[in-house]
Amino acid sequence: MNRLPASSASPTLSAGLYTQQQLTQAQFKRISSFMEKTTGIKMPDSKRTMIQSRLANRLKVLHFNDYAQYIDYVFSTSDTANDEIVMMIDLLTTNLTHFFREKPHFDFMTSTVLPHLAECGITCPQIWSAGCSSGEEPYTLSIVMKEFMAANRGVFTDYSILATDISTRILSKAVDAIYPLESVEKLPYDIKHKYFLKSKNPDKPYAKVKNEVRNKIHFDRLNFMDISFNIRPKKHIIFCRNVLIYFDKPTQLEVIRKLVDCLEVGGFLFLGHSETIFGGNLPLRTVSTTVFQKTKEC
Ligand SMILES: C[S@@+](CC[C@H](N)C(=O)[O-])C[C@H]1O[C@@H](n2cnc3c(N)ncnc32)[C@H](O)[C@@H]1O
């Protein structure tokens, strides 16, 4: 077992906490099967070290000596076990994202999707960022809407964005809308200037999304494994990007089917650039790279 560096060891800690506890194969299987069943996220054997290190701090915080005690607790019927399950899911999801990620999608939205919706007489586009992580995607969508409406006055009267994720920890970051300055560094100057506030304290440099961008977005927790999403009103645009890659093929298809059910006929579904749709006989036609349009009711 690896000892922690001497500098991080406190003399008041018991010997058990100086060591990195090992997650056995059986314990790993217990957690990975639960995660696959509950969230759809695939957890092959190669993820064992990742799970062990992401949960290591929970052992410390809860004063457990090993993963056996943690597993007994998290899967127990105690009142607090459910909160720990939410915490465990938070820690085991991957939340990588950034502003204007996969920019061609936002360019296509501006050049083709929004003019098309306007032509169809839509006055208030309904948008959903499904698997929104820490908020960069829905805030980008909100900025794109503002830019489009400023350049095409009177075309839309308003817009509304729903942003959902399974992780409560990441959703609260999204609601805060505060980001390290580096995360907006590469954005064009006028976008930064119009839509972000910069902290005045040089010791705590951060950027905050302005209220006019934030107040169009409603954040909520949603698990793609829910039997039905029942999201209404139906959406004109759904972004579900870089989420399906974590699921196996049947789960991917099932999630896409439920998303399509929440999409208006003629509405658009955006998947991540490395994601695609195999089979399933869905009422979708490809209109651009990983962008699909709903052709008829399911
Ligand atoms: C890699 S991030 C993608 C963020 C953003 N869509 C993007 O492309 O930048 C994937 C997000 O999917 C969420 N996620 C994973 N499994 C989920 C599930 N079963 N239900 C809802 N969200 C889930 C994770 O919590 C994470 O925030």
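It should be emphasised that the depicted structure is a prediction, and the values quoted were computed from it without experimental measurement. (Residues numbered from 1 in each chain as written. Predicted model: local features only at pLDDT ≥ 70, side-chain atom pairs only at ≥ 80, totals over all residues. Heavy atoms only, no water.)

Some points on the confidence of the model for the protein chain
Mean pLDDT over the protein chain works out to 92, with 94% of the residues at or above the 70 mark. Here residues 1-18 is modelled with pLDDT under 50, and outside its nearest four sequence neighbours on either side it reaches 17 contacts, counting other chains as well. (pLDDT = per-residue confidence, 0-100. Contact = heavy atoms within 4.5 Å.)

Looking at the sheet that holds strand β4 (residues 196-198)
Adjacent strands of a sheet pair through backbone hydrogen bonds, lying either parallel or antiparallel. An order of β3-β5-β4 is seen for the three strands of this open sheet, with the pairing classed as antiparallel. Of all the strands in the sheet, the pair left with one neighbour each is β3 (178-180) and β4. Strand-to-strand twist across the sheet, computed as the mean angle between neighbouring axes with direction ignored, equals 30°. Pairing between β4 and strand β5 (residues 206-209): three bridges, direction antiparallel. Following the sheet pairing, Lys-198 is matched in β5 by Ala-207. (Pairing = 2+ DSSP bridges. Helix = DSSP H or I, 4+ residues; strand = E, 2+ residues; numbered from the N terminus. Axes fitted to C-alpha atoms, helices over the stretch in contact; angles between N-to-C directions.)

Points about the pairing of β5
Judged by which residues are buried, β5 turns out to be one-sided: Ala-207 and Val-209 face inward and are buried, whereas Tyr-206 and Lys-208, on the alternate face, are not. Here three bridges tie β3 to β5, and the two strands are oriented antiparallel to one another. Bridge pairing in β5 places Tyr-179 opposite Ala-207. (Buried < 20%, exposed > 50% of the residue type's maximum accessible area, 1.4 Å probe, protein only.)

What about the sheet that holds strand β8 (residues 263-271)?
Reading across from one edge, β6-β2-β1-β7-β8-β10-β9 is the order of the seven strands in this open sheet, with mixed pairing throughout. In the strand order of this sheet, the two ends are held by β6 (217-221) and β9 (284-288), each with one partner. Within the sheet, the average angular offset between the axes of one strand and its neighbour, ignoring direction, is 20°. Pairing between β8 and strand β10 (residues 291-294): three bridges, direction antiparallel. Bridge pairing links Phe-270 to Val-291 in β10.

What about the site of the ligand?
Close to the ligand lie 21 residues, the nearest being Thr-39, Thr-97, Gly-131, Asp-165 and Asn-242. Contact between the ligand and Asn-223: a nitrogen atom at 3.0 Å from a side-chain N or O atom of the residue. Arg-241 has a polar backbone atom sitting 2.9 Å from a nitrogen atom of the ligand. Within the complex, 99% of the 600 Å² of free accessible area of the ligand lies under protein. Most atoms of the ligand, that is more than half of them, are within 2 Å of grid points of the largest pocket. Among the residues forming the shell around the ligand, the class breakdown is eight nonpolar, nine polar and four charged. (Near = heavy atom within 4 Å. Polar contact = N/O pair within 3.5 Å; in protein donor to acceptor, adjacent residues only side chain to side chain. Areas by Shrake-Rupley, 256 points an atom, 1.4 Å probe, with all protein chains shown as cover. 1 Å grid on protein atoms, 1.4 Å probe; cavity = no way out; pocket = protein on both sides within 12 Å on 5 of 7 lines; lining within 4 Å. Sits in = over half its atoms within 2 Å of the grid points. Nonpolar A, V, L, I, M, F, W, Y, C, P; charged D, E, K, R; others polar.)

Quick word on the packing of aromatic side chains
Under the counting rule described, the total for this entry stands at 14 aromatic pairs. Geometrically, the ring pair formed by Tyr-139 and Tyr-179 is edge-to-face, given 6.4 Å between the ring centres and 75° between the ring planes. You can see Tyr-139 sitting in helix α6 (residues 136-151) and its partner Tyr-179 sitting in strand β3, a full 40 residues away along the chain. One exposure class covers both Tyr-139 and Tyr-179, and it is buried. With a centroid separation of 5.7 Å and an interplanar angle of 35°, the aromatic rings of Phe-148 and Phe-156 are classed as tilted. Accessibility assignment for this pair places Phe-148 and Phe-156 in one class, buried. (Phe/Tyr/Trp six-rings, centres within 6.5 Å; stacked < 30°, edge-to-face > 60°.)

Details of the domain arrangement of the protein chain
Each domain of the protein chain was delimited in the assignment, giving domain 1 (6-92) and domain 2 (103-294). Inter-centroid distance (C-alpha atoms) of domain 1 to domain 2 is 32 Å. Where domain 1 abuts domain 2, roughly 860 Å² becomes buried across the two surfaces, and 54% of that area is made up of carbon and sulfur atoms. Viewed at the interface, domain 2 and domain 1 are joined by five residue pairs in polar contact (both at pLDDT 80 or more). The residue makeup of the side of domain 1 that touches domain 2, split by class, is three nonpolar, three polar and three charged. (Domains from an automatic or database assignment. Buried area = accessible area lost by both parts, 1.4 Å probe.)

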